[in-house]
Amino acid sequence: MRNLKYILIIFIFFSCQQKGETKKITSDLQTDIKEDKVNRSTEILPEPDISDRLKSQKIIVDTLQSQNKLTLEVLVKEPNKEKLTIVLNENWPETIETTYNIWKNKNGNIVLIGEFPTSESGDWYIEYLHYFDKKEKTFAFQRNTNFFNSMCTDGVAYEKITEYYNSDFNRIERNYSLTDKNKKELKKDDCAMYYDYPFEVSDNLKSYLKKINYGG
């Protein structure tokens, strides 16, 4: 009888100990899960669809511009003049080096600037387009070039370069096309690129306006 009592005491002791360990394990597991949730919530996750987002931003600006829902300011660079000249009521100067179209949204923020160098020969047309986000950073850039004398098509050749940038001005994507008037693809190596002038993309609005000497 006494032995049976000792056996029961030992059994109860080990049962309690195991329950205690089970509770500890369960508690530790819950703590780990809780900490894991906290850590995951503070992680900076990558943005896998950043390219799609930037393209959508550009489409919005292009749509507003094409529908004349942006305010347009036109300025020109005249020879031997440092500051840009504002063009009002189609009152154009006789000689123009470059034309600048500055588009602003309803809040007065500049969202798009087009730069159009003058072609004296008329053999080419080039436009440089800078797109700016809410923080005045460049998120997209596009260069459109139309030119004759390409040697790879009888008519006009159309070259288009579009680039997208993240908030650190790292290029995310670059798209290129070279086609004829029927949108048939042309091989760049077969074409004479006489008008492939070098260009520089500004990383933000402030630096771009400073470069073109825009007074605001």
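Residues numbered from 1 in each chain as written. Predicted model: local features only at pLDDT ≥ 70, side-chain atom pairs only at ≥ 80, totals over all residues. Heavy atoms only, no water.

Notes on the pairing of strand E8 (residues 171-179)
On any regular strand, side chains alternate: one points to one face of the sheet, the next to the other face.
No. 1: In this sheet, E8 lies alongside strand E7 (residues 157-165) in antiparallel orientation, the contact comprising eight bridges. In the sheet register, Tyr158 faces E8, and the bridge partner there is Thr179.
No. 2: Here E7 hands over to E8 after five residues, with Phe169 in that stretch at a positive phi of 60°. (Pairing = 2+ DSSP bridges. Helix = DSSP H or I, 4+ residues; strand = E, 2+ residues; numbered from the N terminus.)

Some points on the packing of aromatic side chains
No. 1: The tally for this structure, following the rule as stated, stands at 10 aromatic pairs.
No. 2: Look at Phe141 and Phe199: their rings are 5.2 Å apart centre to centre, the planes differ by 15°, and that puts the pair in the stacked class. Taken together, the residues Phe141 in strand E6 (residues 138-147) and Phe199 in the loop between E8 and helix H3 (205-211) connect sequence positions 58 residues apart.
No. 3: With centroids separated by 4.4 Å and ring planes inclined at 15°, the aromatic side chains of Tyr165 and Phe169 adopt a geometry described as stacked.
No. 4: Taken together, the ring pairs connect Trp124, Phe147, Tyr194, Tyr195 and Tyr197 into an aromatic cluster. (Phe/Tyr/Trp six-rings, centres within 6.5 Å; stacked < 30°, edge-to-face > 60°.)

Description of the pattern of salt bridges
No. 1: Considering all chains together, one arrives at 10 salt bridges under this definition.
No. 2: Asp62 serves as the salt-bridge partner of Lys58, at 2.9 Å between the closest nitrogen and oxygen. Of the two residues, Lys58 and Asp62 are both situated in helix H2 (residues 50-66); the distance of four residues between them amounts to about one turn of the helix.
No. 3: The exposure class of Asp62 is partly exposed, given its relative accessible area of 24%.
No. 4: Of the charged contacts, one joins Arg143 and Glu159 as a salt bridge, the two residues approaching to 2.8 Å between their closest N and O atoms. Here the residue Arg143 occupies a position in strand E6, and Glu159 occupies one in strand E7, the gap between them amounting to 16 residues. (Salt bridge = Lys/Arg side-chain N within 4 Å of Asp/Glu carboxyl O. Buried < 20%, exposed > 50% of the residue type's maximum accessible area, 1.4 Å probe, protein only.)

Considering the sheet that holds strand E2 (residues 85-86)
No. 1: Pairing in this open sheet of eight strands is antiparallel, and the strands run E2-E1-E3-E4-E5-E6-E7-E8 from one edge to the other. On the outer flanks of this sheet lie E2 and E8, each paired with one strand and no other.
No. 2: Bridge analysis of strand E3 (residues 98-104) against strand E4 (residues 110-117) gives seven bridges, and the strand direction is antiparallel. Bridge pairing in E4 places Thr98 opposite Pro117.

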